[in-house]
Amino acid sequence: MGRALVYTGKNRYRHGYRRRTVSKSAFIGPTTFRFVAIAALGVLLGLYVINTTRTTGNDAVIRDISQQKESLNNQLDALTAEEARNQTATETKKKAEGQGMVQGANQVQLASPTP
């Protein structure tokens, strides 16, 4: 990367006095431009690879969590159905006891009064 020399210019604002003006300029030659372009491309490519890798890892985690959520929802549905069956069985048992029915080993029998 080349650099022009710093020089002072002539800028007279009053007769006999000269104000200094400093100017700097930079220029980029063809070789330097190629180097800067390749370096910038490398940096952009590196950022792309990092972002792609991070996204892929996050996708795997999200997929695993989604599978766990689906499994837990299935278990919840099964437990809800089992709860409903148990509640129905409990209500049926209470009704049977209220009507004087006694449950035997394999059958339901009417309770007979003992003399």
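Computed from a predicted structure; not experimentally measured.

Asks: I tried to follow the overall build of the chain on my own but got confused; where do I start?
Replies: Looking only at helices and strands, the chain features 1 helix and 6 strands. Walking the chain from its N terminus toward its C terminus, one meets helices and strands in the order β-β-β-β-α-β-β. A buried classification covers 2% of the 115 residues belonging to the chain. Restricting to contacts in the chain with at least 6 residues of sequence separation, those with at least 24 account for 17%. Summed over its atoms, the accessible surface of the chain is roughly 11000 Å², and 58% of this surface lies on carbon and sulfur atoms.

Asks: When you look at a nonpolar patch on the surface in this model, what are you seeing that I'm missing?
Replies: A contiguous nonpolar surface patch, about 400 Å² in accessible area, is contributed by V43, L44, L47 and I50. Note on placement: L44 falls in helix α1 (residues 30-98).

Asks: How should the confidence of the model for the chain be read in this particular structure?
Replies: Interpretation of the predicted coordinates at a detailed level should be avoided for regions scoring low in pLDDT. Residue-level pLDDT values for the chain average 77, and 63% of them are 70 or greater. Averaged over each element, pLDDT in the chain is lowest for strand β2 (residues 7-8) (50) and highest for α1 (90).

About the thresholds
Residues numbered from 1 in each chain as written. Predicted model: local features only at pLDDT ≥ 70, side-chain atom pairs only at ≥ 80, totals over all residues. Heavy atoms only, no water. Helix = DSSP H or I, 4+ residues; strand = E, 2+ residues; numbered from the N terminus. Buried < 20%, exposed > 50% of the residue type's maximum accessible area, 1.4 Å probe, protein only. Contact = heavy atoms within 4.5 Å. Areas by Shrake-Rupley, 256 points an atom, 1.4 Å probe, with all protein chains shown as cover. Patch = residues over 30% accessible without salt bridge, like charges linked within 9 Å, V, L, I, M, F, W, Y side chains within 5 Å. Salt bridge = Lys/Arg side-chain N within 4 Å of Asp/Glu carboxyl O. pLDDT = per-residue confidence, 0-100.

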